[in-house]
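Chain and residue survey
The chain contents come next:
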Amino acid sequence: MRRFKDERGNEVRLTDERLRHLMKRHPEMAFQMHRFSETLARPDVVRPSGSNQTVHLYYRLYPDLRGRNRYLCLVVKRSTSYSFILTAYLARKIKGK
């Protein structure tokens, strides 16, 4: 299990099960793991999910992803004890914008 801190200083976990999910569904994330900590600690935007109030999307823009500007999006489920990453993906734009 990997542990990170979000912009509020709270712990965010990436469990082995969620890591396996990422590698299976979003294999490009294998090359972006080093950016997870920065994206959580210093996101450009944090948006609540439109379907679940406990889920938030952390976006950070990187100019060198796939040869152009792309956002790294971390989907995080927040709880009172700790939060955890549900999934992650690259996005061209911020959802809801």
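Please read these numbers as outputs of a predicted model, since none were measured by experiment. (Residues numbered from 1 in each chain as written. Predicted model: local features only at pLDDT ≥ 70, side-chain atom pairs only at ≥ 80, totals over all residues. Heavy atoms only, no water.)

Judged by pairing direction, the sheet is mixed, and its six strands sit side by side in the order 1-2-6-5-4-3 without closing on themselves. The outermost strands of the open sheet, each flanked by one partner alone, are strand 1 (2-5) and strand 3 (45-48). Between one strand axis and the next, the sheet turns by 35° as a mean value, whatever way the strands run. Sheet analysis places strand 1 next to strand 2 (residues 11-14), joined by four bridges and oriented antiparallel. Note on strand 2: the bridge partner recorded for Arg3 is Arg13. Strand contacts of helix 1 (residues 16-25): strand 1, strand 2 and strand 6 (83-91), with the helix running at about 15° to strand 6, the strand carrying the most contacts. (Pairing = 2+ DSSP bridges. Helix = DSSP H or I, 4+ residues; strand = E, 2+ residues; numbered from the N terminus. Axes fitted to C-alpha atoms, helices over the stretch in contact; angles between N-to-C directions. Contact = heavy atoms within 4.5 Å.)

This part is about the environment of Arg35. Inspection of the secondary structure puts Arg35 in the loop between helix 1 and helix 2 (36-41). Classification of Arg35 as buried rests on a relative accessible area of 12%. Sequence spacing of Arg35 and Phe84 is 49 residues, and the spatial spacing of their C-alpha atoms is 16 Å. In this structure the side chain of Arg35 is engaged in a polar contact, spanning 2.8 Å, whose partner is the side chain of Gln32. (Buried < 20%, exposed > 50% of the residue type's maximum accessible area, 1.4 Å probe, protein only. Polar contact = N/O pair within 3.5 Å; in protein donor to acceptor, adjacent residues only side chain to side chain.)

Now for the confidence of the model for the protein. Summary statistics for the protein give a mean pLDDT of 92 and a share of 97% for residues scoring 70 or more. Mean pLDDT values for the elements of the protein range from 92 in strand 4 (residues 55-65) up to 98 in helix 2. (pLDDT = per-residue confidence, 0-100.)

Next up on the list: the environment of Arg13. If you trace the backbone, Arg13 turns up in strand 2. Residue classification places Arg13 among the buried positions, given a relative accessible area of 19%. Apart from the residues lying within four places of it in its own chain, the contact partners of Arg13 are Met1, Arg2, Arg3, Tyr82, Ser83, Phe84 and Ile85. Side chain to side chain, Arg13 and Glu11 meet in a polar contact 2.7 Å long.

This brings us to helix 1. When helix 1 is considered as a whole, its buried residues turn out to be Arg18, Leu19, His21 and Leu22. Angularly, the buried residues of helix 1 cover 155° about the axis, an arc narrow enough to put them on a single face. Turned more than 90 degrees off the buried face of helix 1, the exposed positions are Arg20 and Lys24. Tucked into the core, helix 1 has its buried residues touching strand 1, strand 2, helix 2 and strand 6. (Arc of directions from axis to C-beta.)

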